[in-house]
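# Fold and geometry: a report
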Amino acid sequence: MSQKRFTEDDVEILAKDTVFKGYFQIDRYRLRHRTFAGGWTAEITREIFERGHAVVVILYDPARDQVALIEQFRTGSLAAGWYPWLIECVAGIIDEGEHPDDVARRETKEEAGADPTHLVEIGAYLVTAGGSSETCRLYCAAVDCSTIEGLHGLEHEGEDIRVFTLPVTEAYQMVKDGRINNAMAVVAIQWLMLERDLLRQAWLDQAPA
């Protein structure tokens, strides 16, 4: 059964105030919206975490069938009572006026010391729409894993990043057994497992861009 899609006219923002602004920002919304039954909700108050929008890049070496991942400390994981050094993909926040493609290439260089030879956009998703506006735009970049090693990150941003390489199948096993437990890396590695045969064929048949 089809359902008429709502539009911006079906949401009424009664007030929006910034209630905290530090390293991150929190805005408070008072709003109401139309219901599926055709009426309007009562007034709703929600605080929204404004972190910005991110780019995530899974680094893949098609010749070696390997990926490059990073490990770094995450305060949110510490606060959740989890082990705070997480295994992740390269990622970074999109600054005002930046194109996501440029962010993907910049962060690959800053966090892994690598220069992509090919770059494909995978898609985008909302991180946690119930309380944040943050989105992640996913990419896959072709790299030479034989040149990737060591410690990276920008000291003035408090980054301490270890980069390492491993076979794609091993990375997938780490997703399955929980050693990789953050959404951006899980989504990217699962996508790569589905698409890597076609990706390898395409990239190995092409000269570097």
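### Some remarks on the nonpolar core
A general feature of soluble globular proteins is that nonpolar side chains tend to end up buried together. Residues Ile58, Tyr60, Val67, Leu69, Ile180 and Leu192 are the most contacted members of the largest nonpolar core, which totals 28 residues. When residues of this core are traced back to their parent elements, those giving at least two are strand E4 (54-61), strand E5 (66-73), strand E9 (135-142), strand E11 (161-167), helix H3 (168-176) and helix H4 (183-204). Among the elements that line this core, the one with the most residues is H4, at eight residues. If near-sequence neighbours (up to four positions away) are discounted, Ile180 is found in contact with Leu69, Ile87, Ala171, Met174, Val175, Ala185, Val186 and Ile189.

### Some details on the layout of surface pockets
Estimates place the volume of the largest pocket at around 1,400 Å³. Lining the largest pocket are 38 residues, and of these Phe24, Arg51, Arg74, Glu88 and Glu134 sit closest to its centre. Breaking the lining of the largest pocket down by element, the ones donating at least two residues are E5, helix H1 (75-79), strand E6 (85-88), strand E7 (90-93), helix H2 (100-112) and H4. Among the elements that line the lining of the largest pocket, the one with the most residues is H2, at four residues. Looking at side-chain class alone, the lining of the largest pocket contains 16 nonpolar, 10 polar and 12 charged residues.

### Brief notes about the environment of Ser132
Mapped onto the fold, Ser132 is located in the loop between strand E8 (118-126) and E9. Taking the C-alpha atoms as reference points, Ser132 and Ile48, 84 residues apart in sequence, are found 5.0 Å from one another. At 3.1 Å, the side chain of Ser132 forms a polar contact with the backbone nitrogen of Glu134.

### Notes on the environment of Thr165
The residue Thr165 is located in strand E11 in this model. Judged by relative accessible area, Thr165 falls into the partly exposed class, the value being 29%. For the pair formed by Thr165 and Val67, sequence separation is 98 residues and the distance between their alpha carbons is 5.6 Å. Dropping the residues within four chain positions of it, Thr165 is found in contact with Gln66, Val67, Ala68, Cys145 and Ile148.

### Quick look at the packing of aromatic side chains
The full count for this structure, using the stated rule, is six aromatic pairs. Between Tyr23 and Phe24, the aromatic rings sit 4.6 Å apart at their centres with planes inclined by 75 degrees, giving edge-to-face as the arrangement. Note on Phe24 and Phe49: the rings are 4.9 Å apart at their centroids and 75 degrees apart in plane angle, and the pair reads as edge-to-face. Of the two residues, Phe24 is situated in the loop between strand E1 (11-21) and strand E2 (25-33) and Phe49 in strand E3 (residues 44-50); the sequence distance between them amounts to 25 residues. Cluster of aromatic residues (ring-pair linked, three or more members): Tyr23, Phe24 and Phe49. It is Arg32 that lies over the ring of Trp40; its NZ or CZ is 4.4 Å from the centre.

### Brief notes about a nonpolar patch on the surface
Residues Phe73, Leu78, Tyr83 and Trp85 make up a contiguous nonpolar surface patch of roughly 450 Å² in combined accessible area. By the secondary structure assignment, Trp85 is in strand E6. Trp85 sits in the partly exposed class, given a relative accessible area of 40%.

### A few points about the state of the cysteines
Inspection of the entire model under this criterion finds zero disulfides. With no disulfide of its own, Cys89 lies 9.1 Å from the sulfur of Cys140, the closest cysteine sulfur. Not engaged in a disulfide, the cysteine Cys145 finds its nearest cysteine sulfur in Cys140; these two sulfurs lie 11 Å apart.

The rules we used
Residues numbered from 1 in each chain as written. Predicted model: local features only at pLDDT ≥ 70, side-chain atom pairs only at ≥ 80, totals over all residues. Heavy atoms only, no water. Core = buried A, V, L, I, M, F, W, Y, C linked by side-chain atoms within 4.5 Å. Buried < 20%, exposed > 50% of the residue type's maximum accessible area, 1.4 Å probe, protein only. Helix = DSSP H or I, 4+ residues; strand = E, 2+ residues; numbered from the N terminus. Contact = heavy atoms within 4.5 Å. 1 Å grid on protein atoms, 1.4 Å probe; cavity = no way out; pocket = protein on both sides within 12 Å on 5 of 7 lines; lining within 4 Å. Points joined across faces, edges and corners; volume = space filled by probe spheres on them. Nonpolar A, V, L, I, M, F, W, Y, C, P; charged D, E, K, R; others polar. Polar contact = N/O pair within 3.5 Å; in protein donor to acceptor, adjacent residues only side chain to side chain. Phe/Tyr/Trp six-rings, centres within 6.5 Å; stacked < 30°, edge-to-face > 60°. Lys NZ or Arg CZ within 6 Å of the ring centre and 35° of its normal. Patch = residues over 30% accessible without salt bridge, like charges linked within 9 Å, V, L, I, M, F, W, Y side chains within 5 Å. Areas by Shrake-Rupley, 256 points an atom, 1.4 Å probe, with all protein chains shown as cover. Salt bridge = Lys/Arg side-chain N within 4 Å of Asp/Glu carboxyl O. Disulfide = S-S within 2.5 Å.

Geometric values such as these leave the question of function open.
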